[in-house]
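A structural walkthrough
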Amino acid sequence: MSAPLLLWVILLRWASGGGFLRGGRTWQHCTDLRPLDVLSEVAPARGVRVFQARGLRGLQLSASRPRALAFPASRLFIHCDRFPEEFSIIVTLRVLGIPAKSNEYIFTLMAEESPGVLVGLRYTPDKLHFLFWSQERAGGWQSRVTFPNVSLADSRWHTLVLAVSGQSFSLTVDCSSPKDVVVETPFPASLSVRRANFYLGNRQRRKGVFTGLLRQLVLLPGADATPQICTTMNFKVATLSVPTILQDVPAKPASNGVLKYPYETDTKVTLGSRPRCTKQEKAQFWFNASRRGLYLCNGSTWVSMLEVKHRLDYVEEYQNLVTNSETMGIEVFTIPKVGLFAATANRVSPPGSAIYKWTDGKFVPYQNIPTYQAQSWKYFTIGKKIFLAVANFEQNERGQEFSVIYKWSHRKAKFVTYQRITTHSARDWEAFVIEGEAFLAVVNHREGNNHNIDSVIYRWNPRTGLFEANQTIATSGAYDWEFFTIGPYSFLAVANTFNGTSTKIYSHIYIWLSGSFQLFQSILTFGAADWEVLRIGDRVFLAVANSHSYDSGMPAPSNFYAINSSIYELNITAQMFVKFQDLLTYSALDWEFFSVGDDSFLVVANSFDGFTFSVNSIIYRWQGYEGFVAAHHLPTIGCRDWEVFHTADGSYLLYSSAREPLSKVLKLKTT
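No experiment lies behind these values; they were computed from the predicted model shown.

Quick look at the sheet that holds strand 24 (residues 353-359)
Across the sheet, which stays open at both edges, the four strands sit in the order 22-23-24-25 with antiparallel pairing between neighbours. The sheet is open, and its two edges are formed by strand 22 (327-335) and strand 25 (362-369), each paired on a single side. Direction aside, neighbouring strands of the sheet carry axes that sit 25° apart on average. Two strands pair when backbone bridges link them, and strand 23 (residues 339-346) and strand 24 are joined in this way by four bridges, in the antiparallel orientation. The partner of T344 across the bridge, within strand 24, is A354.

This is the structure we're talking about:
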């Protein structure tokens, strides 16, 4: 079956709510095949309080009365006393934060007078654990399935979907790419729940009691709930079933006609300058009058709860950033507990490229790194490791041609050389994660005069701690990779620029299937230099930056560089991206998508109009059915790359110039 046809089948199943649970076993229905609202069985009840946070209500469970938050399993399993063999668990929760090395239970199912957990779900600061009792051996034993890198303690609402079928366990967080785990011990085909009880937020003990807010806890027998959940625009609060007390309808008026709400509030609101936020101020509010924003203290930082929606008014020059030489690309990133940085990929070596740190509202020089006509940087993390990869276009002084991955040294507080990888006129790096594995893809532009060469995808080997070649993909003078996901599926688009005779060539979109990238769609482009994925509501777009039109076998056009760049939209029915809009650009080299308030914007890097490098780059505003409409014209010189970033003082655009050693920071002024 071809890759597009196969994608068509699986996308239709995804869009129509079809499940992906595996296995051909049957299960005698001990309950109806409908969502079973576990949370409604204890709400309202003693030991349960209703609080509202970030516009949604949730239940706070009492640590002093764990047994009051229990009910017999027979309430749910009405036809027999066995737990479903295949099922999904859907949880919507809000976690303020828990200490390191601590565990909190979301729920457990336990037999009477037994300390063992038949089925349970608990989490640590960065992991989620699913527990079940396996009876394949005499006496049975506790099994645990762990999902790493699941961070929930950010004071925001999150929706989890755990799908279980035999040896396969799949976790989806906020409708992102699923984390799939296959274990040796399958979930039991016949797990008895006779004389068993559900415990909400605990395991019959005060230790490990859930301290956050629960809004939804649903058991869905016989199906993967992901397709049903991942259809709404607000994935983090998608619901199958929510207790009545938590729904948006207020309680009925009392006899005196006064409307009473069933949730509590015990808060203090502070006005004025930014107060401290410690454990003593946890759950207290601060109103910032200057920004018209309401913030909640989570015990360490102020979390935005409500802000006036800003609208982009105009753009002003904020900082002239003097660089080592002309800058081919920039990367803005934040190192936790260290600060905000910008890395510039500079053309001339020495002195090479530079890293700048945001200090007192400006970028200041922080570290120089030797590079060789650097084209771009890519920041990424693997676990707690922090990396920065540079794409070098030329050989070093010894005639060696390689690009370099640098690792952040906490002790030295700078990046140090970690791994060298042989490349061929590298233009770009792209880092991404699929099914829990880390990958790094390099774009090789040419080898000598040959532009039709392989670009390489590397896979992280956790045993050796190095990237190793995993797959090669044929490219033609390629400039850029763009990785993106749609539902549970992963895509990688390459911008092919020149095949040796023409820029009018196909760029390709690949889909991850059966452990490798396979061709999904080819799109005719003209010197493509960049792909940018855009998400507006539940719509997905791809924008290509076309740089110039040249064909050695065709008459020369009046202007090689005044050419349409195009925006494509995913059409599931048509099984492809279809053209949505053309925009006239001038040797476009980059797109950058960003939002201000509820508005979406797309800025293009126009570099050359055929006569001069002093060309306006343009910010386009999303206007719905009109598409993108020009909103702001920005004077730029040889513009090569755009980056958007945010600080406590506002939002900014940073552009690099490939024609002069000067990049500029622009501030987005809002109303």
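There's more to say after this.
A word on unusual backbone geometry
In this structure, the amide linkage connecting S349 to the following residue, P350, adopts the cis form with an omega of -15°. Note that P350 resides in the loop between strand 23 and strand 24. A cis amide bond, omega 10°, links P350 with the succeeding residue P351. Tracing the chain through its elements places P351 in the loop between strand 23 and strand 24. Even without being a glycine, S155 presents a positive backbone phi close to 65°. With respect to the element layout, S155 can be found in the loop between strand 10 (141-148) and strand 11 (157-165). The exposure class assigned to S155 is buried, which follows from its relative accessible area of 0%. Although it is not a glycine, A413 adopts a positive phi angle of roughly 55°. Relative to the helices and strands, A413 resides in the loop between strand 28 (402-409) and strand 29 (414-422).

Thoughts on the nonpolar core
If you look at the biggest cluster of nonpolar residues, it comprises 55 residues, and the most contacted ones within it are F83, I89, L93, F130, F187, F198 and L200. Sequence-distant contacts of L200, defined by excluding residues within four places in its chain, comprise V38, L39, V42, L61, L69, F71, I106, L214 and L217. In terms of nonpolar packing, the next biggest core, distinct from the first, is built from 20 residues, A495, I511, V533 and F577 among them.

Some remarks on the side chain of N496
Mapped onto the elements of the fold, N496 is located in the loop between strand 35 (489-495) and strand 36 (504-513). If near-sequence neighbours (up to four positions away) are discounted, N496 is found in contact with T475, S476, A478, I505, Y506, S507, H508, T525, G527 and A528.

Topic: the packing of aromatic side chains
According to the stated counting rule, one finds 59 aromatic pairs in the structure shown. Ring geometry for F439 and W512: centres 5.3 Å apart, planes at 65°, overall edge-to-face. Of this pair, F439 sits in strand 31 (residues 437-444) while W512 sits in strand 36; the two residues are 73 residues apart in sequence, bridging distant segments of the chain. Residue F439 is classed as buried on the basis of its relative accessible area, which comes to 1%. A relative accessible area of 9% places W512 in the buried class. A ring pair is formed by F498 and Y550, whose centres lie 6.4 Å apart and whose planes are at 45°; its orientation type is tilted. With F498 in the loop between strand 35 and strand 36 and Y550 in the loop between strand 39 (539-546) and strand 40 (562-571), this pair connects stretches of sequence that are 52 residues apart. A cation over a ring is seen here: K362 above Y318, with NZ or CZ 4.3 Å from the ring centre. Here the guanidinium or amino end of R659 rests over the ring plane of F613, the centre of that ring lying 3.9 Å away.

A few points about the sheet that holds strand 47 (residues 650-657)
With antiparallel pairing, four strands are arranged side by side in an open sheet as 21-48-47-46. Two strands close off the open sheet at either side, each with one partner strand: strand 21 (312-322) and strand 46 (639-647). This sheet shows a mean twist of 25° between the axes of neighbouring strands, independent of strand direction. Bridge analysis of strand 47 against strand 48 (residues 662-670) gives five bridges, and the strand direction is antiparallel. Looking at strand 48, one finds that Y652 is bridged to K667.

Notes on the pairing of strand 36
Among the ten residues of strand 36, eight are classified as buried, and the element is accordingly described as predominantly covered. In this sheet, strand 36 lies alongside strand 35 in antiparallel orientation, the contact comprising four bridges. Following the sheet pairing, L492 is matched in strand 36 by Y510. Judged from the ten bridges that link them, strand 36 and strand 37 (residues 516-526) form a sheet pairing that is antiparallel. Across the sheet, residue I505 finds its bridge partner in strand 37, namely T525. Linking two consecutive strands that pair antiparallel, namely strand 36 and strand 37, is a turn of two residues; a positive phi of about 55° is found at S514 within it.

Remarks on the pattern of salt bridges
Tallied over the full model, the rule gives twelve salt bridges. Between D81 and R194 there is a salt bridge; the shortest N-O distance is 2.8 Å. Here D81 is found in the loop between strand 4 (70-72) and strand 5 (82-83), whereas its partner R194 is found in the loop between strand 14 (191-192) and strand 15 (196-200), with 113 residues between them in sequence. Overall, D81 belongs to the partly exposed group, its relative accessible area being 23%. Overall, the relative accessible area of 59% leaves R194 in the exposed class.

Structural notes on a nonpolar patch on the surface
Where nonpolar side chains cluster on the molecular surface, the patch consists of V269, L271 and F287 and spans about 280 Å² of accessible area. Turning to its location among the elements, L271 is positioned in the loop between strand 17 (269-270) and strand 18 (285-288). By relative accessible area, L271 is classed as exposed at 61%.

Focus: the side chain of S566
Relative to the helices and strands, S566 is located in strand 40. Among all residues touching S566, those that are not within four sequence positions of it are L542, A543, V544, N546, K579, Q581 and D582.

Details of the pairing of strand 6 (residues 86-94)
The buried count for strand 6 comes to nine of nine residues, which makes it a mostly enclosed element. Judged by which residues are buried, strand 6 turns out to be covered on both faces: E86, S88, I90, T92 and R94 on one side and F87, I89, V91 and L93 on the other are all buried. Across nine bridges, the pairing between strand 6 and strand 11 is antiparallel. Each bridged residue has a counterpart across the sheet, and for T92 the counterpart in strand 11 is T159. Relative to strand 16 (residues 213-221), strand 6 runs antiparallel, the two sharing eight bridges. When the bridges of strand 16 are listed, R94 appears paired with L213.

Quick notes on the rules
Residues numbered from 1 in each chain as written. Predicted model: local features only at pLDDT ≥ 70, side-chain atom pairs only at ≥ 80, totals over all residues. Heavy atoms only, no water. Pairing = 2+ DSSP bridges. Helix = DSSP H or I, 4+ residues; strand = E, 2+ residues; numbered from the N terminus. Axes fitted to C-alpha atoms, helices over the stretch in contact; angles between N-to-C directions. Buried < 20%, exposed > 50% of the residue type's maximum accessible area, 1.4 Å probe, protein only. Core = buried A, V, L, I, M, F, W, Y, C linked by side-chain atoms within 4.5 Å. Contact = heavy atoms within 4.5 Å. Phe/Tyr/Trp six-rings, centres within 6.5 Å; stacked < 30°, edge-to-face > 60°. Lys NZ or Arg CZ within 6 Å of the ring centre and 35° of its normal. Salt bridge = Lys/Arg side-chain N within 4 Å of Asp/Glu carboxyl O. Patch = residues over 30% accessible without salt bridge, like charges linked within 9 Å, V, L, I, M, F, W, Y side chains within 5 Å. Areas by Shrake-Rupley, 256 points an atom, 1.4 Å probe, with all protein chains shown as cover.

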